[in-house]
Every structure is written in structure tokens, then in C-alpha cells.
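Here is how the chains run, residue by residue.
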Amino acid sequence: MRIVALAGGIGGARFLRGLLAAVGPQDEITVIGNTGDDIHLYGLKVCPDLDTVMYTLGGGINEEQGWGRTDETWSIKAEMKEYGVGPEWFGLGDRDFATHLVRSQMLTAGYSLSQVTEALCVRWKPGVRLLPMSDDRVETHVRITDERGTRAVHFQEYWVKLHAAVDAEAIIPVGADTAKPAPGVLEALAAADVILLPPSNPVVSIGTILAVPGIREAVAAAPAPVVGLSPIIGGAPVRGMADKVLAAVGVEATAEAVALNYGSGLIDGWLVDTADEGAVAAVEAAGIACRAVPLLMTDVEATAAMARAALDLAEQVRK
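Below is a short write-up of the structure. (Residues numbered from 1 in each chain as written. Predicted model: local features only at pLDDT ≥ 70, side-chain atom pairs only at ≥ 80, totals over all residues. Heavy atoms only, no water.)

## Section: the environment of Gly18
And step 1. Structurally, the position occupied by Gly18 is in helix α1 (residues 10-22).
And step 2. Among the residues examined, Gly18 registers a relative accessible area of 0% and is labelled buried.
And step 3. A sequence separation of 214 residues divides Gly18 from Ile232, and the C-alpha atoms of the two residues are 18 Å apart. (Helix = DSSP H or I, 4+ residues; strand = E, 2+ residues; numbered from the N terminus. Buried < 20%, exposed > 50% of the residue type's maximum accessible area, 1.4 Å probe, protein only.)

Following this line, the structure appears as C-alpha cells:
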């Protein structure tokens, strides 16, 4: 079975770990990773979502945080602070720095982001084929109004520095409209047996991937069933502040509303948590097959059960 998953950061990475546990060694998983969270810091290209997937599946993630490296040290960050070089609000550990140095060095030498990602995965052996959504530069920005007036800030500044404490007025994936899908992305979608939308942020993770011209169209036109899993349980995001960015695009923070925002033209099936079983009828009335199952990723086995439920639903709605 050829499975393609569109994935953001922590939620996507942890779901993929369960997916790997749920399928057999003969199955092939291709992950199309969000690069809208990418940011340039200290002259380095940082790809938080790609790295979170790579570290999580490769056994190097800080499990407590869900991001960054395990057994991390912070000497470089401390030295940068002594030089007065920021930003101080974004933490890059010493081990993590090495990844960004290698990536930036290869990009400067003329390699594409796809080629660099493939090379980094040689070390981490994530068990999936990890593709960036695009080799072109795309950065998600957020329009806010605060004491400094109305302005746009990088998504990382909004999320990490400001902790989404101010309302997001608009989400702008800068560069997405002129970006091209990375090599292999459209081909993987066309050849897939199943396409999954993990419980990643539907606006700034999966939504940004779908904003790259050609990707949404390829998902919608794929002969494979497309099944998503709700990142919202009981009217609140499982992790993070997805409700803030959902409000910016006029979508209520409910499992039902997120499904309807994707729409029956994109997804064939939708899983909600048992706490949201009341949403099943409304989602199905919109032409999307819906099931209620436990969706809390408490451990790998619970996450594998979620993945199996998604694959089972895919079989039920196969086109």
C-alpha cells in the first residue's frame, strides 16, 4: 500500500509514528511536509516541521517538548546572547544547530531543499520518504494589531514569542502563490492508494501545503480516498493554539467546522473523537463519511489505533 500524508509539526510527526506502527514493512509512506514555518535565523535556514518529523521518526526528538533534540545543550545560544545577537525568543540547541548548518551549507552549494532533506534523512532513517511541499521559499505570516499598530509578523514570532496572545486577523502564506510543488509531490499523490490528513494544524500546517498551486488540486483529483483526522476535540485544539488561526480564517474551532472547511471536494472521510460523536451526522450530511473514535495520542499504540481507523475508513469510502 502506498500512503501519502500531509504533515505539519508535532501532531503530524506523532501521528506518523503511530502510522508506521500500524502498517507493514511492505507498505510505503510518503510524507509531504509543511515548509511555511521555515525561518532564517543566524544566517541559517531552519525548517521546524521537516526536522520535527525527521527527529521524531528517527529517534532523536525531545519527547517532553515534542520539538528539538534530545539531550540538548545550549552553549551556542548563550554565546550569541553575550554578543547581543538575537532573537532570544527562538531556541536553537547545539545539536539542532548542526542540522541547520548542514542544510544551509548544502543550499548555498546549490542543492535544492528536496535534495538536502533526502541527505539529512540518510542519517535519521525515518522510515518514510520525506518531501518538502516545495523547494521554493514560502513563509507563513500573521497579521495582527497590537500596541505597535497593525502589522504582519512571521508565524514563528506569533506562535513562539507572542504565544498567540493577540488575535490573528489574517494568515498569509507569503510566496505560496508562486511556489511549485517539490519534485515527487504530485507524482506521489497521483500514485497513492490512500491520502491522509493527520491531526496537524488545518490552517498553518496542512492549509499552507494546500496553498501551493497544484497540491490541493492533486489531492482532490487523486483516485485514492482522502481521510482526515480532527485536531479539535471537544471544541478545543489538542495541542497548541489552532483555535486562534482558525478564527482568522472564519472557521469555528470544532471538529465539524474543520471538516466542512476542508469540504467534500477535498476529503472523503473524517474521524472525530468520541467526545464529538454528535458532529458525525452533520459531517455526513455534507457528503463526508464520518466516524467517532478515540483521537488522543497518549502513546504509540493509541496513535496506531487511530491510524488503523483512518485506513479502515479509507477502505469504506474507496472511490
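## Side note on unusual backbone geometry
And step 1. That bond from Gly86 to Pro87 is cis: its omega, 10 degrees, falls within 30 degrees of zero.
And step 2. When you line up the elements, Pro87 lands in the loop between α3 (75-82) and α4 (94-108).
And step 3. Of note in this structure, Tyr42 is not a glycine but carries a positive phi near 55 degrees.
And step 4. If you trace the backbone, Tyr42 turns up in the loop between β3 (39-41) and β4 (44-46).
And step 5. In this structure Tyr42 comes out as partly exposed when scored by relative accessible area, which is 22%.
And step 6. Here the phi dihedral of Ala164 falls at roughly 55 degrees; this positive angle occurs in a residue that is not glycine.
And step 7. Along the chain, Ala164 turns up in the loop between α6 (155-161) and β8 (170-174).
And step 8. A relative accessible area of 1% means that Ala164 is categorised as buried.

## A few points about the packing of aromatic side chains
And step 1. Counted under the stated rule, the structure contains five aromatic pairs.
And step 2. Where Phe155 meets Trp159, the ring centres are 5.0 Å apart and the plane angle is 35 degrees; that geometry is what we call tilted. Of this pair, Phe155 and Trp159 are both found in helix α6, four residues apart, which corresponds to roughly one turn of the helix. We note that Phe155, like Trp159, is buried.
And step 3. Considering the side-chain rings of Tyr262 and Trp270, the 5.7 Å spacing of their centres and the 65 degrees angle between planes classify their relative orientation as edge-to-face. With respect to burial, Tyr262 and Trp270 carry one shared label: buried.
And step 4. Against the face of Tyr55 rests Arg69, its NZ or CZ located 5.5 Å from the ring centre. (Phe/Tyr/Trp six-rings, centres within 6.5 Å; stacked < 30°, edge-to-face > 60°. Lys NZ or Arg CZ within 6 Å of the ring centre and 35° of its normal.)

## Side note on the sheet that holds strand β7 (residues 149-154)
And step 1. Read from one edge of the open sheet, three strands run β7-β6-β8, paired in antiparallel fashion. Here the strands that pair on one side only, and so sit at the sheet edges, are β7 and β8. Averaged over all pairs of adjacent strands, the angle between their axes in this sheet comes to 30 degrees, without regard to strand direction.
And step 2. By the bridge criterion, five bridges tie strand β6 (residues 139-146) to β8 in an arrangement that is antiparallel. Residue Glu139 lies in a different strand from β8, and its bridge partner there is Val174. (Pairing = 2+ DSSP bridges. Axes fitted to C-alpha atoms, helices over the stretch in contact; angles between N-to-C directions.)

## Description of the layout of surface pockets
And step 1. Roughly 1,100 Å³ of volume is contained in the largest pocket.
And step 2. If you trace the largest pocket, you find 49 residues lining it, with Gly9, Ile10, Trp67, Trp159 and Arg239 closest to the centre.
And step 3. Looking at the lining of the largest pocket, the elements that each hand over two or more residues are α1, α2 (48-58), α4 and α6.
And step 4. Per-element accounting of the lining of the largest pocket gives the leading share, five residues, to α2.
And step 5. Across the lining of the largest pocket, the residue classes break down as 24 nonpolar, 17 polar and eight charged.
And step 6. The computed volume of the second largest pocket comes to approximately 190 Å³.
And step 7. Every residue along the wall of the second largest pocket is listed here: Ile171, Pro173, Pro202, Val203, Gly207, Thr208, Leu210, Ala211, Arg216, Val249, Asn261 and Tyr262.
And step 8. Among the elements of the structure, β8, α8 (206-211) and α11 (255-262) are those that each provide at least two residues to the lining of the second largest pocket.
And step 9. In terms of residue count, α8 provides more of the lining of the second largest pocket than any other element does, four residues in total.
And step 10. Its residues assigned to classes, the lining of the second largest pocket shows eight nonpolar, three polar and one charged. (1 Å grid on protein atoms, 1.4 Å probe; cavity = no way out; pocket = protein on both sides within 12 Å on 5 of 7 lines; lining within 4 Å. Points joined across faces, edges and corners; volume = space filled by probe spheres on them. Nonpolar A, V, L, I, M, F, W, Y, C, P; charged D, E, K, R; others polar.)

## Side note on the pairing of strand β2 (residues 28-33)
And step 1. Across the six residues that make up β2, a large majority, five, are buried.
And step 2. One crossover worth recording links strand β1 (residues 2-7) to the parallel β2 by way of α1, and it is right-handed. (Right-handed = clockwise from strand over helix to strand, strands pointing away.)

## Remarks on the packing of α2 against α4
And step 1. Relative orientation of the contacting elements α2 and α4 amounts to 120 degrees, with a least axis distance of 12 Å. On the basis of the axis angle, α2 is oblique to α4. Where α2 crosses over α4, the handedness of that crossing is right-handed. Residues Asp51, Met54 and Tyr55 of α2 lie in contact with α4, whose contacting residues are Asp96, Thr99, His100 and Arg103.
And step 2. Class assignment of the residues belonging to the contact of α2 with α4 gives a composition of two nonpolar, two polar and three charged. (Parallel < 35°, antiparallel > 145°, perpendicular 65-115°, else oblique. Left-handed = near helix turned anticlockwise from the far one by under 90°. Contact = heavy atoms within 4.5 Å.)

Distances and angles like these do not, on their own, reveal function.
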